[in-house]
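# Structural overview for review
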Amino acid sequence: MSDDPKTLVSTEWLAAHLKDPDLRILDGSMSPVGMENTAGAEYLERHIPGARYFDIDDISDGRSNLPHMVPPVEKFMSRLRAMGVGDGHQVVVYDSAGLFSAARVWWLFKLMGQNNIAVLDGGLPKWIAEGRPVEDLPPIIRDRHMTVRRQNHMVRDVTQVSHAAKLGDHEIIDARAAARFRGDAPEPREGLRSGHIPGSKNVPFTDTLNSDGTMKTAEELRGVFEGAGVDLSKPAITTCGSGVTAAVLCLAMERFGKTDHSLYDGSWAEWGAFPTVPVATGEA
């Protein structure tokens, strides 16, 4: 793979830059819905040296009844400042699954106008498999101001997505597993209808990954989207269960040069519970 400090870097790249004074590493791990979230405890037990824990559920909009929605700008700034992450830092984020929730943190930084962030390809599992160092020590925090310029075009709400679905002027791309997309499998969150947004296409986020949790090549990624019937000439809106793995699709598109994408933050946790929006079942 080609290392890009704005999208994806290899374990080799991170190992070479581990001592850089302006490098900040974030552990963005979270457990899938329906499982006890032990990610914070696992971080305390072992993490890449110097890593801080980015709690996706905590750094979110506490006023919303939807899971881990985008936090207010002020909350994002204050939480990151408390972690010693700010302007001028190169950030690398990883997770304990390989590539699952780290992309959500990457997308949040991009939304807040912070572009010097990359996901660690293969995450903690690849790092450990290669015998690279981990520790259980807390990081040394040095306060650093962060300037935020929110990029509103990168996020979509239910009204905007409903409008796009009716007009057909965007490609709405669903990162959930195929059985959930078709409506064959029940949703892991109670009270949600099964199916998908009418007119959307299905690119399960796992289809963008190799068996070791690393991301496929740019050429392969383009083929995955085209193979799912996605018209790449249209702007894209990604969606999933709750706005986490949708960010993997955003990262994948960035890797092959497609930048006109946004993320439906409420995703199926909102759409599936909204009584006035339509639901489709079966194949795309």
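Scope of this entry: the structure provided in the associated data block.

Rules of the game
Sequence order as written defines residue numbering, which begins from 1 separately in each chain. Only residues with pLDDT of at least 70 get local features here, since the model is predicted, and only at 80 or more are side-chain atom pairs given and counted; chain-wide, interface and lining totals rely on the full set of residues. Hydrogens are left out, water is left out, and the side-chain values use all remaining heavy atoms of the structure. Method remark: on a 1 Å grid restricted to protein atoms, a set of points is classed as a cavity if a 1.4 Å probe fits but cannot get out and as a pocket if it is open with protein on both sides within 12 Å along at least five of seven lines; lining residues have an atom within 4 Å of a point. Grid points are joined across faces, edges and corners, and a volume is the space filled by probe spheres set on the points. As a working rule, the residues Ala, Val, Leu, Ile, Met, Phe, Trp, Tyr, Cys and Pro are called nonpolar, Asp, Glu, Lys and Arg charged, and the rest polar, with Gly in that last group. Every helix listed is a DSSP run of H or I at least four residues long, and every strand listed is a run of E at least two residues long, numbered separately from the N terminus. With a 1.4 Å probe rolled over the protein chains alone, any residue whose accessible area is under 20% of its type maximum counts as buried; one over 50% counts as exposed, and the rest are partly exposed. A positive count includes Lys and Arg, and a negative count includes Asp and Glu. His and the chain ends are not counted in either. By definition, a salt bridge exists where a carboxyl oxygen of Asp or Glu is found within 4 Å of a side-chain nitrogen of Lys or Arg. Definition of a polar contact: a pair of N or O atoms within 3.5 Å, with one able to donate and the other able to accept a hydrogen when the atoms are protein atoms, and with sequence-neighbouring residues admitted only if both atoms are side-chain atoms. Note on contacts: a residue pair qualifies if any of its non-hydrogen atoms lie within 4.5 Å across the two residues.

## Side note on the layout of surface pockets
The calculated volume of the largest pocket comes to roughly 430 Å³. Lining the largest pocket we find 25 residues, and of these Pro32, Val33, Phe100, Arg180 and Thr245 sit closest to its centre. Here the lining of the largest pocket is composed, by residue class, of 13 nonpolar, 8 polar and 4 charged. The volume enclosed by the second largest pocket comes to roughly 310 Å³. Taken together, 15 residues make up the lining of the second largest pocket; nearest its centre are Leu23, Arg24, Gly50, Arg52 and Ile140. With 3 residues, strand β2 (residues 23-27) is the largest single contributor of residues to the lining of the second largest pocket.

## Looking at the side chain of arginine 189
Note on placement: arginine 189 falls in the loop between α7 (178-182) and β8 (201-202). The buried charged residue arginine 189 lacks any salt bridge, with glutamate 187 as its nearest oppositely charged partner at 5.7 Å. Reaching out from arginine 189, the side chain makes a polar contact with the side chain of serine 242 at a distance of 3.1 Å. With near-sequence residues (within four places) excluded, arginine 189 lies in contact with Val33, Pro67, His68, Gly241, Ser242 and Ala269.

## Remarks on empty space enclosed by the protein
As enumerated under the stated definition, the model contains 1 cavity of 30 Å³ or more in all. Taken as a whole, the largest cavity holds about 40 Å³ of empty space. The wall of the largest cavity is formed by Val85, Gly86, His89, Val91, Phe109, Gln114, Asn115, Asn116, Ile117 and Met146. Counted by class, the lining of the largest cavity contains 5 nonpolar, 5 polar and no charged residues.

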